[in-house]
Amino acid sequence: MARADGSRVERTAGEREARERYTLAEGADEHVVLDVGHFIGELDILDGEVTYDAERNEVRGHSTFAGGYSNRFGGMTVYFVARLEQTPTDAGVWSEGVLSDATTMRGTAAGAFFAFAERSVEIAVGLSFSDVEHAAMNLEAESENFDDMRSATRDAWEPVLERALITARTEREHRLFYSALYRSLLMPTLASDVDGTYRGFDGALHSVHRDGLESFRYYTDHSLWDTFRTQGPLLSLLYPELQRDMVESLMAMARDGGFVPRWPLGTGYTGGMAGDSADIWFGDAYLKGVPFDVTEAYALLRTTAMGPTPEGAAFGGRKGIASYMTLGWVPTDEGSWTAAHTLEFAYDDAVLAVLAEAAGATEDAALLRARGDNWRNLYDPASEFLLGRAADGSFPAEPNLDTWQDYYAEGTAWQYLWYVPHDLLGLADAMGGEAVMHARLLEFFERSKRNRLGPEFP
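Calculation rules
- Residues numbered from 1 in each chain as written.
- Predicted model: local features only at pLDDT ≥ 70, side-chain atom pairs only at ≥ 80, totals over all residues.
- Heavy atoms only, no water.
- Axes fitted to C-alpha atoms, helices over the stretch in contact; angles between N-to-C directions.
- Helix = DSSP H or I, 4+ residues; strand = E, 2+ residues; numbered from the N terminus.
- Parallel < 35°, antiparallel > 145°, perpendicular 65-115°, else oblique.
- Contact = heavy atoms within 4.5 Å.
- Pairing = 2+ DSSP bridges.
- Buried < 20%, exposed > 50% of the residue type's maximum accessible area, 1.4 Å probe, protein only.
- Left-handed = near helix turned anticlockwise from the far one by under 90°.
- Phe/Tyr/Trp six-rings, centres within 6.5 Å; stacked < 30°, edge-to-face > 60°.

Student: Give a description of the packing of helix α5 (residues 231–238) against helix α6 (residues 240–257) that names residues and reports values.
Tutor: Where α5 meets α6, the closest approach of the two axes is 6 Å, and the angle between their N-to-C directions is 130 degrees. Here α5 lies oblique to α6, going by the angle between them. Only Pro-240, Leu-242, Gln-243 and Met-246 of α6 make contact with α5, whose side of the interface consists of Gly-232, Leu-235, Ser-236, Leu-237 and Leu-238.

Student: Residue-level account of the sheet that holds strand β2 (residues 17–23), with values.
Tutor: Read across the open sheet, the seven strands follow the order β1-β2-β11-β6-β5-β4-β9; overall the sheet is antiparallel. Two strands in the sheet have a free side with no partner beyond their single neighbour: β1 (8–13) and β9 (104–106). Pairwise comparison of adjacent strand axes, ignoring direction, gives a mean angle of 15 degrees for this sheet. Relative to strand β11 (residues 120–128), β2 runs antiparallel, the two being bridged by seven bridges. Bridge assignment links Glu-17 to a residue of β11, and that residue is Gly-126. Along the sheet, helix α1 (residues 132–140) makes contact with β2, β5 (58–66), β6 (76–84) and β11, crossing β6 at roughly 45 degrees. Set on the sheet, helix α2 (residues 146–161) makes contact with β1, β2 and β11; between it and β1 the angle comes to about 50 degrees.

Student: How would you explain the side chain of Ser-277 if you had to name every residue and give the values?
Tutor: Along the chain, the position of Ser-277 falls in the loop between α6 and α7 (278–287). According to the relative accessible area criterion, Ser-277 is buried, its value standing at 1%. Dropping the residues within four chain positions of it, Ser-277 is found in contact with Leu-224, Trp-225, Phe-228, Glu-344 and Asp-348.

Student: Now, about the packing of helix α10 (residues 338–358) against helix α11 (residues 362–371): what can you tell me, with residues and values included?
Tutor: The N-to-C vectors of α10 and α11 enclose an angle of 160 degrees; their axes lie 7 Å apart at closest approach. Taken together, the axis directions place α10 and α11 in an arrangement best described as roughly antiparallel. Every pair of crossing elements has a handedness; the one defined by α10 and α11 is left-handed. Residues Ala-346, Asp-349, Ala-350, Leu-352, Ala-353, Ala-356 and Glu-357 of α10 touch α11, and the partners they reach there are Thr-362, Asp-364, Ala-365, Leu-368, Arg-369 and Arg-371.

Student: I'd like a description of α5, backed by residues and values.
Tutor: Listed as buried for α5 are Gln-231, Gly-232, Pro-233, Leu-235 and Ser-236. Looking at the buried side of α5, the elements it contacts are α3 (171–184), α4 (224–227), α6 and α7.

Student: Let's hear about unusual backbone geometry: which residues, and what values?
Tutor: Residues other than glycine predominantly adopt negative phi, and peptide bonds predominantly adopt the trans conformation. Met-187 connects to Pro-188 through a cis peptide bond whose omega is 0 degrees. Examined against the element boundaries, Pro-188 turns out to sit in the loop between α3 and β12 (189–190). Phi is positive for Met-273, close to 65 degrees, though the residue is something other than glycine. By the secondary structure assignment, Met-273 is in the loop between α6 and α7. Given the relative accessible area of 12%, Met-273 is considered buried. In this structure, Glu-384 takes a positive phi of about 60 degrees despite not being glycine. Here Glu-384 lies in the loop between β18 (379–380) and β19 (385–386). Judged by its relative accessible area of 36%, Glu-384 falls in the partly exposed class.

Student: Could you give an account of the sheet that holds strand β10 (residues 110–115), naming the residues involved and the relevant values?
Tutor: Spatially, four strands are ordered β3-β10-β7-β8 in an open sheet, and the strand pairing comes out antiparallel. Whereas interior strands pair on both sides, the edge strands pair on one side only; in this sheet they are β3 (32–35) and β8 (98–100). Neighbour-to-neighbour, the strand axes of this sheet turn through a mean angle of 25 degrees, independent of strand direction. Sheet analysis places β3 next to β10, joined by four bridges and oriented antiparallel. Across the sheet, residue Leu-34 finds its bridge partner in β10, namely Ala-112.

Student: Quick one: what's the story with the packing of aromatic side chains, residue by residue and with numbers?
Tutor: Two measures describe an aromatic ring pair: the distance that separates the ring centres and the angle between the ring planes. On inspection of all chains with the given rule, the structure shows 19 aromatic pairs. Ring plane angle 90 degrees and centroid distance 4.9 Å describe the contact between Phe-177 and Tyr-178, whose orientation is recorded as edge-to-face. Seen from their ring centres, Phe-259 and Tyr-269 are 4.2 Å apart, and the 15 degrees between their planes marks the pair as stacked. With Phe-259 in the loop between α6 and α7 and Tyr-269 in the loop between α6 and α7, this pair connects stretches of sequence that are ten residues apart. Of the residues examined, Tyr-269 reaches a relative accessible area of 10% and is grouped as buried.

Here it is, written out as structure tokens:
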């Protein structure tokens with residue numbers, strides 16, 4: 001980013017370190033600011049700290065923040081060590097808008113500032129979820145200057161992206177595909193330090209090393225409800241070694257925290273969204289040949305499939321699991337998203353049955369395969385849609401099919417009608433045959449097209 005006065009800001013990053021290069025305007029009184037109370041988006045800063053060490057030319061500290069999801073487990077802390085490659089001519093720290101002669105300041109709006117005689121300034125920042133010491137360790141492990149890091153990062157991405165070879169009609173299509181592939185790999189987030197340390201969901205520090213060897217790299221920020229049908233299969237096909245890390249990370253979260261998460265963020269459970277999507281993530285990886293301990297994985301996944309939230313857990317796996325196991329559906333009497341939960345669980349169970357069979361749990365496998373048919377309990381013969389259902393078995397008398405109802409999660413009856421990916425032939429049979437199903441699918445697409453174009457296209 002460049003400005004008209006000649007100043008410029010450049011940024012690059014490695015795996016656990018970021019580097020910034022500032023080109024300061026000639027003759028301008030400019031300062032570089034490190035503000036741990038600053039954020040982008042809807043966040044609350046709960047705590048922050050900066051310590052300036054003039055002798056080491058470093059700033060160390062942390063920022064603890066909470067957003068819509070991380071607030072569910074009390075927020076999370078990121079530790080950092082920022083190394084100034086040039087010695088500042090002036091420096092200081094502040095908190096809550098007040099400058100101080102001290103070297104350490106703490107608060108929700110703390111930071112440090114620096115002035116330099118040089119026109120070109122570089123700052124390297126090491127990050128860690130573990131502690132400041134590991135942030136320093138991560139900082140020392142990567143490139144020694146901005147240009148080297150930028151080159152190393154470019155070189156690291158090239159073999160990753162070239163896993164996919166496409167034939168396209170235009171250069172623009174090439175750019176669209178590979179830029180999309182690049183973005184699909186920006187998350188989940190690598191969260192283990194260079195020595196294999198990571199902070200688990202129990203708040204303690206753990207290691208990925210087993211028998212003295214690094215057994216996997218720990219990743220967090222798995223938006224499983226959003227990614228199990230898209231990113232998961234992509235990783236299994238193109239990046240099986242990376243997918244193995246993802247699977248091992250989810251298993252580690254269960255060992256450390258009590259159960260496989262639905263939507264893990266940073267260092268904690270969020271309980272976000274519906275279903276038990278890890279089942280499908282694991283099942284897809286297994287069927288595509290990604291190596292992991294299927295017996296242990298099934299034992300961990302079984303916890304939330306066969307019973308209520310583990311005792312003492314802040315966020316459990318399957319909401320409404322007790323009714324689902326007795327009735328065959330999650331009733332609308334128990335809250336929102338109940339149809340979504342039921343349909344998700346049916347799909348989850350059908351896939352989990354494959355893992356149970358592979359783990360030698362044959363009785364579980366039979367039970368789970370049968371539960372995979374629970375989607376049928378929501379098929380309303382009167383409306384011919386999959387609807388929310390009360391505990392007494394009744395369906396809505398006059399269902400609204402075109403708008404998002406409370407028993408769905410981010411969808412309508414038309415969209416949820418197709419949420420039986422594990423039994424499409426069964427769905428077609430319920431509708432009256434494949435020809436009827438095809439006709440209704442075409443109608444769904446036409447309705448979607450009209451809704452996208454607007455009300456002037458009835």
